[in-house]
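# Results of the structural survey
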Amino acid sequence: MPAITALFTLLVALATVLSAHAAAAELALPGYQRADGAITTYFGGDSIDPYFAAKALLAAQDAGMATSTAAGNWIAWQLPRQHGDGHFDRYCLKGQRFAACQPADADDALMASWMELLVRTAPAKGMPPAWQASFDKASRYLDSLRDPRTGVYQISPTLPVALLMDNVEISSAFKAASRYHERLGDSRRALAWARQGEQLDRAILRVFWRKGGFLVSTQPRERSEFYPDAVAQIFPILADIQAPGRPHASAYQAWMATHRFAWLQMSEVDFPWGLVALVADKMGDADAITCWRVRANQFRHGQHWNVLEEALFLAFESRLTPAQALAPPPPSLRCR
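One structure accompanies this document, and this report is about it. Sequence order as written defines the numbering, with residues in each chain counted from 1. Local features in this predicted model are restricted to residues whose pLDDT is 70 or higher, and side-chain atom pairs enter the listing and the counts only when it is 80 or higher, whereas totals over whole chains, interfaces and linings include all residues. As a rule here, side-chain values come from all non-hydrogen atoms in the structure, and water together with hydrogens is ignored.

### Remarks on the state of the cysteines
- In this description, a disulfide is simply a cysteine sulfur pair whose atoms lie within 2.5 Å. Applying the stated criterion across every chain yields a total of two disulfides.
- The disulfide bridge from C92 ends at C101, spanning 2.0 Å between sulfur atoms. One disulfide, between C92 and C101, carries an S-S torsion of 65° and so falls in the right-handed class.
- Linked covalently through their sulfurs, C291 and C335 form a disulfide whose S-S length is 1.9 Å.

### Examining the environment of P157
- By the criteria applied, helices consist of DSSP H or I runs no shorter than four residues and strands consist of E runs no shorter than two, each listed in order from the N terminus. Its location among the elements puts P157 in the loop between β4 (154-156) and β5 (159-162).
- Under the scheme applied here, a residue whose accessible area is under 20% of the maximum for its type counts as buried, over 50% as exposed, and between as partly exposed, the area being computed with a 1.4 Å probe on protein chains only. The class for P157 is exposed, based on a relative accessible area of 58%.
- Through-space distance from the C-alpha of P157 to that of P80 is 23 Å; in sequence the pair is 77 residues apart.
- Not counting chain neighbours up to four residues away, the residues in contact with P157 comprise D107, Y141 and L145. Whether two residues touch is decided by their heavy atoms; if any such pair falls within 4.5 Å, the residues are in contact.

### Re the side chain of Q61
- Tracing the backbone through its elements, the reader meets Q61 in helix α2 (residues 50-62).
- Classification of Q61 by relative accessible area gives buried; the value is 18%.
- A polar side-chain atom of Q61 sits 3.0 Å from a polar atom in the side chain of R120.
- Setting aside residues no more than four positions away along its own chain, Q61 makes contact with T67, L117, R120 and T121. Polar contacts, as used here, are pairs of N or O atoms within 3.5 Å; protein pairs need one atom able to donate a hydrogen and one able to accept it. Residues neighboring in sequence count only if both atoms are side-chain atoms.

### A word on the environment of L264
- Tracing the backbone shows L264 in helix α9 (residues 248-264).
- It is 6.8 Å that separates the C-alpha atoms of L264 and R295, two residues lying 31 residues apart in sequence.
- With residues near it in sequence (within four places) discarded, L264 still touches C291, W292, R295 and C335.

### Section: the sheet that holds strand β3 (residues 97-103)
- Each pair of strands is called paired provided DSSP finds at least two bridges between the two strands. Strands sit in the order β1-β2-β3 across an open sheet of three strands; the sheet is antiparallel. If you trace the sheet from one side to the other, it starts and ends with β1 (47-48) and β3, each paired once.

### Digging into the side chain of D201
- Mapped onto the elements, D201 comes out in helix α7 (residues 187-208).
- A polar atom in the side chain of D201 sits 2.6 Å from the side chain of S171.
- With residues up to four places along the chain from it excluded, the contact list for D201 reads S171, K175 and I241.

### Notes on helix α11 (residues 286-296)
- Among the residues making up α11, those that are buried are A288, I289, C291, W292, R293, R295 and A296.
- Looking at the buried side of α11, the elements it contacts are α9, α10 (274-282), α12 (307-317) and α13 (322-326).

### Looking at the pattern of salt bridges
- Salt bridge, as applied in this entry: a Lys or Arg side-chain nitrogen positioned within 4 Å of an Asp or Glu carboxyl oxygen. For the coordinates displayed, the defined rule picks out 15 salt bridges.
- Where salt bridges share partners, they join R221, R223, E225 and D229 into one cluster.

### Let's talk about the packing of aromatic side chains
- Centres within 6.5 Å make a pair out of two Phe, Tyr or Trp rings, where for Trp the six-membered ring is used; the pair is then stacked when the planes are under 30 degrees apart, edge-to-face when over 60, and tilted otherwise. What the rule picks out here adds up to 15 aromatic pairs.
- The structure contains a cluster of three or more aromatic residues connected by ring pairs, namely F135, Y153, F174 and W193.
- In this arrangement the basic side chain of R81 is found over the ring face of W77, its NZ or CZ atom lying 3.7 Å from the centre. For a ring to carry a charge above it, either NZ of a lysine or CZ of an arginine must fall within 6 Å of the ring centroid while also lying within 35 degrees of the normal to the ring plane.

### What to know about unusual backbone geometry
- Omega for the peptide link from Y227 to P228 comes to 10°, which places this bond in the cis form.
- Counting through the fold element by element, P228 comes out in helix α8 (residues 226-232).
- Unlike most non-glycine residues, D240 shows phi in positive territory, near 55°.
- A positive phi is found at W273, a non-glycine position, where the angle reads about 55°.
- Residue placement: W273 occurs in the loop between α9 and α10.
- Looking at W273, the relative accessible area reads 13%, which means it is buried.

Structure representation (structure tokens):
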């Protein structure tokens, strides 16, 4: 009996530790998410870009973090600010409140991110009516941006240019909508969204893939830069879009062989590009994530840091014990 009692006590203690760890994995964004639910783009910032807020929440989910509270509060703030046709604005702080001050940067990517956030945050019984109405408006607006000639989506009504990375995000939203309806037992809608995603994937490869690499835009570019040109080459991995004869593993390895050190130094001159670390996570490259986290840490909350980087940093750090989070990378790990 004493042995059984001791074992029971140990199991209870272990369950308590595991429960505490699970609770700690809920995303919180101090300095970025305000008490009213608004999420600023920069630490303590005076501007809100809805795309970055949604993308940060989705990326944290992809990295394994729970986001129901942060996402629910953001959706509650953003929902009444959606225009009747489905689009959103960017916002600036005026006095004590945020007001619309600029058009959104890329309507297509924003609509897709918003739609995906709604279906991935929805309660088990499905989206509340207000969420569903918002999803439908965003979906109709996104439909209006589809180029029937090419099958891909253009940035906005005033920018008839299609971008690879935006279309990858739209594909991801369609697949998320399919999984959502599958979860609700609605196989008809699930199949419809899945087919829409498959059609877009084929169009993406037809429009953007050229032997050896992806074009980043339907508009010719004068010079190649790390973003978007280099980042775009592995971005399709996040939506499971694979070019002919280019398995994800070999594409990822080739990219890292060429761009790894440039990527790890990006935070000094640009942004850390945590989305690359998210691809690394999908490919099981824990060393790359460690290097990114250690290198990027010194830039947190500075001018080369936004809420997307913060959400990914927190998600990766949440997997570690406090001692592991503070430990330097082992000497054998080449992070420079």
